[in-house]
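Each chain, written out:
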Amino acid sequence: MLSILGFLTIAVFTYLVMTKRLIAFTAIIFVPIVFALIGGFGPQLGEMMMEGVLLTSDTAVLLLFAILYFGIMMDAGLFDPVSNAILRVAKGDPVKIAMGTAVLALLVALDGDGTTTYMIICSAMLPVYRRLGMNPLILATVSIMALGIIAGSTPWGGSATRAISVLGLNANEYFIPMLPVMVGGAVATLIIAYMLGLRERKRLGVEVIQQYQNELAATVEVEQKANTWKLWFNLFLTLAIMFVLILDVVELYLLFIIGFAIALVVNYPNVELQKKVIKEHAPNAIPVVSLVLGAGIFTGILQGTKMVDHMAGDLVSFIPSAFGDYYTIIVALIGLPLSFLMSNDAFFFGALPVLAEAGAQYGIEPIDVARASVIGQTIHLIGPTSAPLWVLIELIRSDLGKLQRYTLPWILLGSVVMIIVAIATGAMAL
């Protein structure tokens, strides 16, 4: 009975979200409450929900201040010098342009927001692609891969945030072992960008490239920012945060609270401007933070009612015992088609708790299942439920089918590389 209620909870939640009957925030709260009441758990609901919210509170705080922090960094033009340097170095060479796009995308993706990442990259690089006649799907491919690898894997990005919150994990413990995996994915993205650039260089020919070099050189002459010292300060502050993060001596959410406070005061000394900046960036953070706290209610109910335990038992019964040693690989591979078809909310809040409980039957820790589930998430970014994808399609003037056919093989290749690195480094334990 509990297993049936659990699967119905996930099925109804997934249906309501994917058909846009309800937004994820309301569905993730209402659906488990209704099925818990049907199961006779009304008197225990309050305690279950409270425990679930406490599980996700650290992640919610982290996400709030990470979004605010990187919002200030974007406004301050932290990544502008990188973009301009890429254009100067490329000099009309498709290989350098493609690799430069990848470098810029990997940096900008730290923001964690897909729409922002695509808009910044397209603003900086798309005019170059169009003038030279390069295929804009190259830009789309490396941007999507970079976003999936960086924003998808960091604790303040979409996929990892959901995985951490729904399983009640520690952000530091999850993230630090993922760093080599992210580096492996970033290297794979650069190599793919190099290969795609070589193909474009051959297609365009030497004459076209030479003709454009003089024009491209003229486009990279930009004005220096008045407050150069602030740019250096912001760079130092960001690097310092990343360094302390790697040392694992302070909780991640505390790092970003302090980092945001410092960045706000230094970049906007005027009190009224500080208030204005917070109001401008708060709309980007509040929907995601509220969703994470809502996920706490969802998780608290599914765990408190033992629905997850019963569902996991049924799921395990369908997996041959001989495959138990490869469970994390199975999760990573399952995540590819599921994340393509499902929204992030449906996959992480619906399917992941079940996969984690099933993994426990084989002695697999939830944190390993979380990392495995995140690795396969890049493919979600070319699925129909990815909202930023439609922004990218509009910017490069392409269509969904064409983009999917072009990017899918490269995304799958990058995912395989990340799985191999995760296994080799122990980030995804077998």
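Keep in mind it's a predicted model, so treat the numbers as computed, not measured.

### Observations regarding the overall build of the chain
Inference 1: Looking only at helices and strands, the chain has 20 helices and zero strands in total.
Inference 2: For the chain, the computed accessible surface area is about 18400 Å², with 67% contributed by carbon and sulfur atoms.

### A few points about the environment of F233
Inference 1: By the element assignment, F233 lies in helix α12 (residues 228–247).
Inference 2: Overall, F233 belongs to the partly exposed group, its relative accessible area being 25%.
Inference 3: Sequence separation of F233 and L78 is 155 residues, and the distance between their C-alpha atoms is 9.7 Å.

### Digging into the nonpolar core
Inference 1: Core analysis: the biggest nonpolar cluster contains 140 residues, and F256 and L403 have the highest contact counts within it.
Inference 2: By residue number, the principal contributor to this core is helix α3 (residues 45–75), which donates 14 residues.

### Focus: unusual backbone geometry
Inference 1: Positioned with a positive phi, K306 is a non-glycine residue whose angle comes to about 70°.
Inference 2: Tracing the sequence through the fold places K306 in the loop between α14 (271–304) and α15 (307–317).
Inference 3: For R397, which is not a glycine, the phi torsion comes out positive at approximately 60°.
Inference 4: Its place among the elements puts R397 in the loop between α19 (387–396) and α20 (400–425).
Inference 5: Under the relative-accessibility criterion, R397 is labelled exposed at 68%.

### What to know about the pattern of salt bridges
Inference 1: The final tally for this structure, using the stated rule, is four salt bridges.
Inference 2: The partner of R203 in a salt bridge is E200, with the nearest N and O atoms 2.8 Å apart. Here E200 and R203 lie together in helix α10 (residues 179–204), a separation of three residues that amounts to about one turn.

### Side note on the packing of aromatic side chains
Inference 1: Considering all chains together, one arrives at four aromatic pairs under this definition.
Inference 2: Plain terms: the ring middles of F13 and F298 are 5.4 Å apart, the flat faces sit at 50° to each other, and that makes the pair tilted. Taken together, the residues F13 in helix α1 (residues 2–18) and F298 in helix α14 connect sequence positions 285 residues apart.
Inference 3: Overall, F298 belongs to the buried group, its relative accessible area being 0%.

### What to know about a negative patch on the surface
Inference 1: A surface patch of like charges, here negative, comprises D58, E173, D248 and E251.
Inference 2: Checked against the element boundaries, D248 lands in the loop between α12 and α13 (252–267).

### Some remarks on the environment of I297
Inference 1: Note on placement: I297 falls in helix α14.
Inference 2: Overall, I297 belongs to the buried group, its relative accessible area being 14%.

### Notes on α13
Inference 1: Between its first and last C-alpha, α13 extends 22 Å over 16 residues, near the 22 Å set by a 1.5 Å rise per residue.
Inference 2: Looking only at α13, the buried set comprises L252, L255, F256, G259, F260, A263, L264, V266 and N267. Looking straight down α13, one finds its buried side chains confined to an arc of 170°; they lie on one side.
Inference 3: Looking at the buried residues of α13, the elements they touch are α3, α9 (171–175), α12 and α14.

### Quick notes on the confidence of the model for the chain
Inference 1: Taken as a whole, the chain shows an average pLDDT of 82; of its residues, 89% reach a score of 70 or greater.
Inference 2: For the chain, helix α11 (residues 206–219) is the element with the lowest average pLDDT, namely 63, and α10 is the one with the highest, namely 92.
Inference 3: For the stretch residues 220–226, pLDDT sits under 50, and the model shows six contacts to residues farther than four places along the chain or on other chains.

Conventions and cut-offs
Residues numbered from 1 in each chain as written. Predicted model: local features only at pLDDT ≥ 70, side-chain atom pairs only at ≥ 80, totals over all residues. Heavy atoms only, no water. Helix = DSSP H or I, 4+ residues; strand = E, 2+ residues; numbered from the N terminus. Areas by Shrake-Rupley, 256 points an atom, 1.4 Å probe, with all protein chains shown as cover. Buried < 20%, exposed > 50% of the residue type's maximum accessible area, 1.4 Å probe, protein only. Core = buried A, V, L, I, M, F, W, Y, C linked by side-chain atoms within 4.5 Å. Salt bridge = Lys/Arg side-chain N within 4 Å of Asp/Glu carboxyl O. Phe/Tyr/Trp six-rings, centres within 6.5 Å; stacked < 30°, edge-to-face > 60°. Patch = residues over 30% accessible without salt bridge, like charges linked within 9 Å, V, L, I, M, F, W, Y side chains within 5 Å. Lys, Arg positive; Asp, Glu negative; His and termini not counted. Charge placed at Lys NZ, Arg CZ, Asp CG, Glu CD. Expected span 1.5 Å × (residues − 1). Arc of directions from axis to C-beta. Contact = heavy atoms within 4.5 Å. pLDDT = per-residue confidence, 0-100.

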